[in-house]
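As a plain string of letters, each chain reads:
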Amino acid sequence: MLVTYTDFGLTGPYTGQLEAVLRQLAPGVPVVHLQADAPAFNPRAAGCLLKSLVTPFAPGSVLVCVVDPGVGTARDPIWVHAHGRIFVGPDNGLLAAVTRDDPDAQVHRILWRPPQLSNSFHGRDLFAPVAAALAKGEAVASECVTPERLCGADWPAELSEVIYVDVYGNLVTGLPAQAVPSESVLNLGGWSIAHRRVFGEAVPGEPFWYANSMGLVEVAVPQGNAADLLKVGMGAVIEGIGSEGRGGAA
Amino acid sequence: MLVTYTDFGLTGPYTGQLEAVLRQLAPGVPVVHLQADAPAFNPRAAGCLLKSLVTPFAPGSVLVCVVDPGVGTARDPIWVHAHGRIFVGPDNGLLAAVTRDDPDAQVHRILWRPPQLSNSFHGRDLFAPVAAALAKGEAVASECVTPERLCGADWPAELSEVIYVDVYGNLVTGLPAQAVPSESVLNLGGWSIAHRRVFGEAVPGEPFWYANSMGLVEVAVPQGNAADLLKVGMGAVIEGIGSEGRGGAA
Amino acid sequence: MLVTYTDFGLTGPYTGQLEAVLRQLAPGVPVVHLQADAPAFNPRAAGCLLKSLVTPFAPGSVLVCVVDPGVGTARDPIWVHAHGRIFVGPDNGLLAAVTRDDPDAQVHRILWRPPQLSNSFHGRDLFAPVAAALAKGEAVASECVTPERLCGADWPAELSEVIYVDVYGNLVTGLPAQAVPSESVLNLGGWSIAHRRVFGEAVPGEPFWYANSMGLVEVAVPQGNAADLLKVGMGAVIEGIGSEGRGGAA
């Protein structure tokens, strides 16, 4: 399976052109669009989110990952074999989190270049052909590099901040939920936020946090919009994690 | 064919993860995304709209239907065989309209549970695997229930209100167009609205109603936005249906 | 490959219903959604943009093109064979640009009509079945017309104006980049705009123009929004093209 993960946005011809290249070069391989609104221009948040989204894709899947504000400049194109999947994208930190998490990860700098390479759409012109070739089991001219040399190799494994705001205003953080006991109270945007298991058990209009379907800590408001109520967005930092008994506005 | 009908919104990784599960469990079966902006948190409107959208999908299609504000609470997962198609989703009224419409409909409570079930994403973890199995003709542990016990079984067959507002501000109602003679004048938002066959025959800037491509009564404004002009939205009730000769603002 | 290019918008059931028809009538043929936000109600801009998007689709591809404000009125449905691809859509100028560009283009008026034809959704009811048949190599009842009789045949080949505004506020023009020397300065919205090769070489906050991945002149602002900064949108005309040395606000 070929999978796209980009910040191209939902509109415009970009995802469609990328898919055309994938389908034509790897006929018969299914193409799934995982996300076209990955954190834009933000390889660190986008890489942290990507790591949490991989599980539903079977081993052997090839993910084309493009959050690439430096497209057309000196950053290298790479592909990474980690967790049994292959990730293709720019060496700007986007693939650091999926690599760091697997001690057996292999990192490859892509040496192949297409005959026609636009300055602004390497997703279509370079990453998609490489992904299609790898999905078919074909070799791509590359050289191994040590994972430690990857851009972002020294970034923290967890991001104690908001890394994605969804369409309903839910605030996805870069904190693995299994690291946060359910009796914990989060401080975010001046609020103290207690845990609830599901939306249906939370109080309408009051923020709560829960382990979301990606395994991350997420803050939401039943029948409301957490981003609006808490007045926080991308990059907002969790100021503290305390213990139960202090829910509500601080 | 597998079909998704959800209120997941267009952004985020939700539809992509659901599609990944479908494609991996039912390889070779096409997956079509019918709609990701079904009326959110509103099983009654979403179910009424769904009923009007089924015809283009050939008999044998399996539709994964997820408008599920109570996810993670006590409502049952069900699948319904109606109109030659299979519908999989929560028993919260979403599937009541497609069931009510077919006297031979069969309703099944799903007993199967996946090894891993998140609290907030039963679309990916439960409904998608069930739909994939049914699309392959495999059995799913279930028990029959009588259609009368379905949540929403007693809801009205027609909704004389706005059940969907499209991207251009057109107001889709839950009224079957064949039940409304074309000489009728609708009262909505203080306007008296006459029938026109097509946009090209209506007056720019003036609201009209027509039988839309789903077979429902829809109110639109040529080169304008009906939701803005009439100042009405989801749930706005049609106050009356009269006879011709009273078009324009009331 | 079957390709959709429409102004249906991203929401609603329209693209999904169209895809269902394509997949059911042409099983096994991949379907790619190129764009659902083609310039709305604007066949001239949409046709100019379409011409620049065709290259990544292999010869033999069949594109269903629907920007059709006159749906349900007298305009003819047509299909065009040009550049080795087939384009199906309304004769309202949308297919004029792809036709004009190929001296061997063949234009066909579609005589076939479906048993059920809605007044407002010819994409699903007429264009999709025709495209599916052509993708399978089947004949469709049609008659040849000379390209000169096509609506829009006399429109200019280049549009010196904004024909698309993307999600980041980038301004795509209808000017082929190869016709504009890189030392040129564009006048747009009162600004004099110089060329930069890529985003990474431009100054954050300052507009620049570049040859985009479609081969068109595009105006953008690194880490900013060109549409907002220049206060221009769809249809804004490039007031002049001069020579270097006059960048910045005019």
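Residues numbered from 1 in each chain as written. Chains lettered and ligands numbered in written order. Predicted model: local features only at pLDDT ≥ 70, side-chain atom pairs only at ≥ 80, totals over all residues. Heavy atoms only, no water.

Per an unreviewed UniProt entry, the recorded name for chain A is Adenosyl-chloride synthase, and the organism is Ectothiorhodospira marina.

S.K.: Give a detailed account of the interface of chain C and chain A, specifying residues and quantitative values.
M.R.: Each side of the interface is counted separately: chain C has 25 residues, and chain A has 24 residues. Carbon and sulfur atoms supply 58% of the area that chain C and chain A bury against each other, a total of about 2,100 Å² over both sides. Our count for the chain C to chain A interface comes out at 0 salt bridges. Between chain C and chain A we count 8 residue pairs in polar contact (both at pLDDT 80 or more) in total. (Contact = heavy atoms within 4.5 Å. Buried area = accessible area lost by both parts, 1.4 Å probe. Salt bridge = Lys/Arg side-chain N within 4 Å of Asp/Glu carboxyl O. Polar contact = N/O pair within 3.5 Å; in protein donor to acceptor, adjacent residues only side chain to side chain.)

S.K.: Quick one: what's the story with the interface of chain A and chain B, residue by residue and with numbers?
M.R.: Interfaces are often described in size by the accessible area the parts lose on coming together. Each partner contributes residues to the interface: chain A has 25 residues there, and chain B has 24 residues. Counting the surface chain A buries against chain B, the share from its top three residues, A:P56, A:Y168 and A:S213, is 28%. Scanning the region where chain A abuts chain B turns up 0 salt bridges. The interface formed by chain A and chain B holds 8 residue pairs in polar contact (both at pLDDT 80 or more) in total. Residue contributions to the side of chain A that touches chain B peak at 5 residues, all from strand β2 (residues 31–35) of chain A. The class makeup of the residues in the side of chain A that touches chain B is 16 nonpolar, 6 polar and 3 charged. (Helix = DSSP H or I, 4+ residues; strand = E, 2+ residues; numbered from the N terminus. Nonpolar A, V, L, I, M, F, W, Y, C, P; charged D, E, K, R; others polar.)

S.K.: Explain unusual backbone geometry residue by residue, including any values.
M.R.: Its identity as a non-glycine residue notwithstanding, A:K231 has a phi of 55 degrees, on the positive side. Within the fold, A:K231 resides in the loop between α5 (226–230) and β14 (240–243). A relative accessible area of 72% means that A:K231 is categorised as exposed. Positive phi is not limited to glycine here, since C:H83 has a value of about 55 degrees. Note that C:H83 resides in the loop between β4 (77–82) and β5 (85–90). (Buried < 20%, exposed > 50% of the residue type's maximum accessible area, 1.4 Å probe, protein only.)

S.K.: Which residues make up the relation of the copies chain A and chain B, and what are the values?
M.R.: Of the two same-sequence chains, chain A is brought onto chain B (RMSD 0.0 Å, axial shift 0.0 Å) by a rotation of 120 degrees. What the superposition gives is, in effect, a three-fold axis relating one chain to the other. Using C-alpha coordinates, one finds that chain A approaches the rotation axis most closely at A:L10, a distance of 4.5 Å. Here only 4% of the contact residues of chain A are again contact residues in chain B; the copies associate through non-equivalent surfaces. (Least-squares fit on C-alpha atoms with pLDDT ≥ 70 in both.)

S.K.: Tell me about the sheet that holds strand β1 (residues 2–6) of chain C, and please be specific about residues and values.
M.R.: Paired through their backbone hydrogen bonds, the strands of a sheet run either parallel or antiparallel. All names here are of chain C. Spatially, 7 strands are ordered β2-β1-β3-β5-β4-β6-β7 in an open sheet, and the strand pairing comes out mixed. The strands lining the two open edges of the sheet, one partner per strand, are β2 (31–35) and β7 (142–145). Strand after strand, the sheet turns through a mean of 25 degrees between neighbouring axes, direction not considered. In this fold helix α4 (residues 122–135) packs onto β1, β3 (62–66), β4, β5 and β6 (106–110), with an angle of close to 165 degrees to the strand it touches most, β3. (Pairing = 2+ DSSP bridges. Axes fitted to C-alpha atoms, helices over the stretch in contact; angles between N-to-C directions.)

S.K.: Help me get a handle on the domain arrangement of chain A, residues and values and all.
M.R.: Residues and elements named next belong to chain A. Considered domain by domain, chain A is made up of domain 1 (2–149) and domain 2 (159–249). Placing a centre on the C-alpha atoms of domain 1 and another on those of domain 2 gives a separation of 30 Å. In this complex, domain 1 contributes 10 residues to the contact, which on the side of domain 2 involves 9 residues. In this assembly, domain 1 packs against domain 2 so that about 790 Å² is buried in total across both faces, 69% of it on carbon and sulfur atoms. Here domain 1 is connected to domain 2 by 1 salt bridge. Note that E161 is salt-bridged to R44, the shortest N-O span being 3.3 Å. Across the domain 1-domain 2 interface, the total number found is 2 residue pairs in polar contact (both at pLDDT 80 or more). Among the residues forming the side of domain 1 that touches domain 2, the class breakdown is 5 nonpolar, 3 polar and 2 charged. (Domains from an automatic or database assignment.)

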